[in-house]
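The lines below spell out each chain.
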Amino acid sequence: TSIIYDNAFFLKLYRKVDVAVNPDMEISHYLTEFAKFPNIPNYVGAIQWYQDKGDIVLGMMQQMVESNSDAWVYMLDRLDDYNEQILSAKEIHHPHELLGTIIEPVAYEELPEQIRLFLEGQLVERTTLLGQRTGEMHIALASGPDHPDFRPEPYSLHYQRSLYAGLQSLVRATFQNLMRKLNDLPSEVKNDAKEILEMKNDILSTLKNIYRKKIDVAKIRIHGDYHLGQVLFTGKDFILTDFEGEPARSHSERRLKRSALRDVAGMIRSFHYAAYGSLFLDNQIRKEDISRLMPFADQWYHYISGFFMKSYLKTVEGQSFLPANKEDLDILVTTFMLEKAIYE
């Protein structure tokens, strides 16, 4: 629950509380006071209940940031224009074969003319800026070597094996749930569900890459629940908000150090949601146009994710939380994107 005072301060009251350090308050305070990261609402103070068994954070106040919308609304608006352009074009070619990969994305200037025509230059600039701000957030979160709760820690093979054990449990629970619900699904998606069930062994085989060899990379404090809805758009810049972490986890779990690429995977999945949300959540899109637009939604998602990733990788180049070689980067990005998809 939130209360705004004089368009100057924003008070957030927490419904779910715990006798533990609140990660939202902890990270907001750290980024404001110690890291001096400018792209969050500045921390002002908190309401805490002190008890013998520990403290409970009941609320937090931050400076109010004027914004046009969040990045989710901004992206859906841009997608509305994108879809409209495609539907109204007198002559349009089928989407080109997708160029580049998520870890080696192509630049805007390298795209075929038709794609550049439909992807607005301003959208590309702003997606690039979002990638930069995301990288700067992670650099700020990794900038506390003298602060034990924010000091980067190296991966180990033991940690990598424990990551796989958690992923294995997630796959098992998700696939058991899907199998139980299979007969309840509408006929038009039942075949898709069966196809996914057949992928189980391939998915587990891919996830095993996380512990095949030691990955030389650091884990840091991260946002933990990073997507377009957690980013305010001011009209010129992006402000990153809500450092509470994954709502289903306990406060202590949310405070664990993890790979920064988990946040990156969350944002890339959010671009995917936006691309498809523009087709299925928009009442103005006719059902008969969805199949025509679908390949172009894939194209938008692929290249927008690429612009974001290219900017992010450039921003964090040389940082301890980014693997130095492409193979390890590919393993981590693939693992966390797969984890995100299975979890959802």
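Once a new chain begins, its residue numbering starts again from 1 and follows that chain's sequence as written. Where totals are concerned, whole chains, interfaces and linings use all residues; where local detail is concerned, this predicted model gives features only for residues with pLDDT of at least 70, and gives and counts side-chain atom pairs only at 80 or more. Hydrogens and water molecules were not included; the side-chain quantities draw on all heavy atoms of the structure.

Undergrad: Describe the overall build of the chain, listing the residues and the values that go with them.
TA: Strands are runs of DSSP state E lasting at least two residues, helices are runs of H or I lasting at least four, and both sets are numbered from the N terminus onward. For the chain, the helix and strand inventory stands at eleven helices and nine strands. What you see for the chain is a C-alpha radius of gyration of 21 Å, in line with the 20 Å of a compact globule of 344 residues. Overall size of the chain, expressed as C-alpha extent along the three principal axes, is 70 × 50 × 45 Å. Only protein chains enter the calculation, and the probe is 1.4 Å; a residue is then buried if its accessible area is under 20% of its type maximum, exposed if over 50%, and partly exposed in between. Per-residue burial over the chain gives 47% buried out of 344 residues. For the chain, long-range pairs separated by at least 24 residues make up 76% of all intrachain contacts whose partners lie at least 6 apart in sequence. Only the protein chains shown count as cover for residues, and all accessible areas are computed by the Shrake-Rupley method using a 1.4 Å probe. Counting every atom, the chain has about 17700 Å² of accessible surface; 50% of that belongs to carbon and sulfur. Two residue types count as positive, namely Lys and Arg, and two as negative, namely Asp and Glu; His and chain ends fall outside the count. For the purpose of locating charges, the reference atoms are NZ of Lys, CZ of Arg, CG of Asp and CD of Glu. One way to put it: in the chain the 39 positive side-chain charges average out to a point 6 Å from where the 49 negative ones average out. As defined in this context, the radius of gyration uses C-alpha atoms, and a globule is described by 2.2 Å times the residue total to the power 0.38. Only heavy atoms matter for contacts: two residues are in contact if any of them lie within 4.5 Å across the pair.

Undergrad: Describe in detail the nonpolar core, supporting the description with residues and values.
TA: Taken as a class, soluble globular proteins show a tendency for nonpolar side chains to be buried jointly. Counting 88 residues, the largest nonpolar core has Leu31, Leu119, Leu130, Phe271 and Trp300 as its most contacted members. No other element matches the 14 residues that helix α10 (residues 287-316) contributes to this core. Apart from residues lying up to four places away in sequence, leucine 31 is in contact with Lys36, Phe37, Ile40, Ala140, Leu141 and Phe243. Here the nonpolar core consists of buried residues drawn from Ala, Val, Leu, Ile, Met, Phe, Trp, Tyr and Cys, with membership extended through side-chain atoms lying within 4.5 Å. Counting residues in each nonpolar core, the second largest holds five residues, with Met25, Tyr43, Val57 and Met60 among its members.

Undergrad: Now, about helix α11 (residues 326-343): what can you tell me, with residues and values included?
TA: How far a helix is expected to stretch is found by multiplying one less than its residue total by 1.5 Å. Compared with the 26 Å implied by 1.5 Å per residue over 18 residues, the 25 Å span of α11 between its first and last C-alpha is a close match. Asp328, Leu329, Ile331, Leu332, Val333, Thr335, Phe336, Met337, Glu339, Lys340 and Ile342 are the residues of α11 that are buried. Those residues of α11 that are buried are in contact with α5 (157-181), α7 (200-207), α9 (261-280) and α10. The opening residue of α11 is asparagine 325, an N-cap whose side-chain oxygen sits 3.2 Å from the backbone nitrogen of glutamate 327. Polar contact is the term for a pair of N or O atoms within 3.5 Å; when the atoms are in protein, one must be able to donate a hydrogen and the other to accept it, and sequence-neighboring residues count only if both atoms are side-chain atoms.

Undergrad: Help me get a handle on the packing of aromatic side chains, residues and values and all.
TA: For this analysis, a ring pair means two rings from Phe, Tyr or Trp (six-membered ring only for Trp) whose centres lie within 6.5 Å, classed as stacked if their planes differ by under 30 degrees, edge-to-face if by over 60, and tilted for the remaining angles. Enumeration over the complete set of coordinates arrives at nine aromatic pairs. An angle of 85 degrees between the planes, with centres 6.5 Å apart, marks the rings of tyrosine 82 and phenylalanine 118 as edge-to-face. Note that tyrosine 82 is positioned in helix α2 (residues 71-88) and phenylalanine 118 in helix α3 (residues 113-118), a separation of 36 residues in sequence. Owing to a relative accessible area of 2%, tyrosine 82 belongs among the buried residues under this scheme. Three or more aromatic residues link up through ring pairs in this structure, and these residues are Tyr30, Phe34 and Phe150.

Undergrad: Please give an account of the environment of glutamate 244 that cites residues and values.
TA: Among the secondary structure elements, glutamate 244 is positioned in the loop between β9 (238-240) and α8 (251-254). It is 10 Å that separates the C-alpha atoms of glutamate 244 and tyrosine 14, two residues lying 230 residues apart in sequence. Setting aside residues up to four positions removed in sequence, glutamate 244 forms contacts with Lys12, Tyr14, Pro23, Asp24 and Arg254. For glutamate 244, the side chain forms a polar contact with the side chain of lysine 12, separated by 3.2 Å.

Undergrad: Explain the sheet that holds β9 residue by residue, including any values.
TA: Here, strands pair whenever DSSP counts at least two bridges between them. Judged by pairing direction, the sheet is antiparallel, and its three strands sit side by side in the order β5-β8-β9 without closing on themselves. Edge positions in the open sheet fall to β5 (69-70) and β9, since each of these has one partner strand only. As paired strands, strand β8 (residues 231-233) and β9 are joined by three bridges and run antiparallel to one another. The residue of β9 that forms the bridge with phenylalanine 233 is phenylalanine 238.

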